[in-house]
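Analysis of the macromolecular model
Residues per chain are reported as follows:
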Amino acid sequence: MLVLVAPGQGAQTPGFLTPWLELPGAADRLGAWSDAIGLDLAHYGTQADADAIRDTAVAQPLLVAVGILSAAALGDIAPGAVAGHSVGEITAAAYAGVLDDTAALALVRKRGLAMAEAAAITETGMSALLGGDPEVSVAHLEKLGLTPANMNGAGQIVAAGTMEQLAALNEDKPEGVRKVVPLKVAGAFHTHHMGPAVDKLAEAAKELVPGDPKVTYVSNKDGHAVATGAEVLERLVGQVANPVRWDLCMETFKELGVTALIEACPGGTLTGLAKRALPGVKTLALKTPDDLDAARELIAEHA
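Things to note about helix α5 (residues 88-95)
Three or four residues apart is the spacing at which side chains of an α-helix point the same way, because the helix has 3.6 residues per turn. Counting buried positions along α5 gives eight out of eight residues, so the element sits mostly inside the fold. By the burial criterion, the buried members of α5 are Gly88, Glu89, Ile90, Thr91, Ala92, Ala93, Ala94 and Tyr95. On its buried face, α5 is in contact with β1 (2-6), α4 (56-72), β2 (81-84), α6 (101-119), β7 (216-218) and α10 (229-238). Positive phi appears at Gly97, one or two residues downstream of α5, with a value of about 80 degrees.

Focus: the pattern of salt bridges
Evaluated as defined, the whole model comprises ten salt bridges. Here Glu207 makes a salt bridge to Lys110, at a shortest N to O gap of 3.0 Å. Of this pair, Glu207 sits in the loop between α9 (195-205) and β7 while Lys110 sits in helix α6; the two residues are 97 residues apart in sequence, bridging distant segments of the chain. Since its relative accessible area comes to 37%, Lys110 is described here as partly exposed. The partner of Glu251 in a salt bridge is Lys254, with the nearest N and O atoms 3.5 Å apart. Taken together, the residues Glu251 and Lys254, both in helix α11 (residues 246-256) and three residues apart, mark about one turn of the helix. Three or more residues are tied together by salt bridges with common partners; here these are Asp222, Glu231 and Arg235.

Thresholds applied
- Residues numbered from 1 in each chain as written.
- Predicted model: local features only at pLDDT ≥ 70, side-chain atom pairs only at ≥ 80, totals over all residues.
- Heavy atoms only, no water.
- Buried < 20%, exposed > 50% of the residue type's maximum accessible area, 1.4 Å probe, protein only.
- Helix = DSSP H or I, 4+ residues; strand = E, 2+ residues; numbered from the N terminus.
- Contact = heavy atoms within 4.5 Å.
- Salt bridge = Lys/Arg side-chain N within 4 Å of Asp/Glu carboxyl O.

Shown next, in the form of structure tokens:
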């Protein structure tokens, strides 16, 4: 059983879109999406520097666009389930047929702008904790006033809060944590700091008519499979201010009998977590079109 997943913010790197634009029709699709959302995706994905694509309002639509392009390059596949991490949930909604590609890009553009605006109110950020016991780490984070915003499993938790709180974490790590790594994001996503963005996203969602998922759609909220498009959309709105439970998503993959996992471009983060949390499951990260042949072989064996 194959699971197709899409990464979240922070996975982007300068120029990561460049090789994908060489695929037939890719540049035309990207141009149409750029016109629809008022953002030059080709420029940001091929020429912009790391600081420019760190901007939440840019990074999020860029990630969804390349996630859709890279998955489409695999051909007409039938995964057993789809899921995305944070903003990757919108990419997964496109995979599942809940939103068409243009609607997904329009929603993520509004999401990115709303979250960037919310992040500008207070200087906030996120840091990954590597190692340690989850219960010990969560209690320690709460003591420092931080939120465990991403429970990623495989020994990784992402803390979010003000820069002062994160500085205190650097000086006072939870027992057993090997390392604290600042993330390339511009705010404390999936916390109460994003409250203003929820209201704006709810308004944007009212303009959409979602379809029901055509494949099993696994939600960040609790790792549950969601059966209706209306509920997927409702969860997409709420998740910007609620923790990502990727650990529970991977538990659901296990219960579904996953044997292979492919991560859309810019792949790497979620396959790394799966290698540690889902032993025996074959994984593949789509980084460039050079990875497509290996991915198609995996699909032929497991989809």
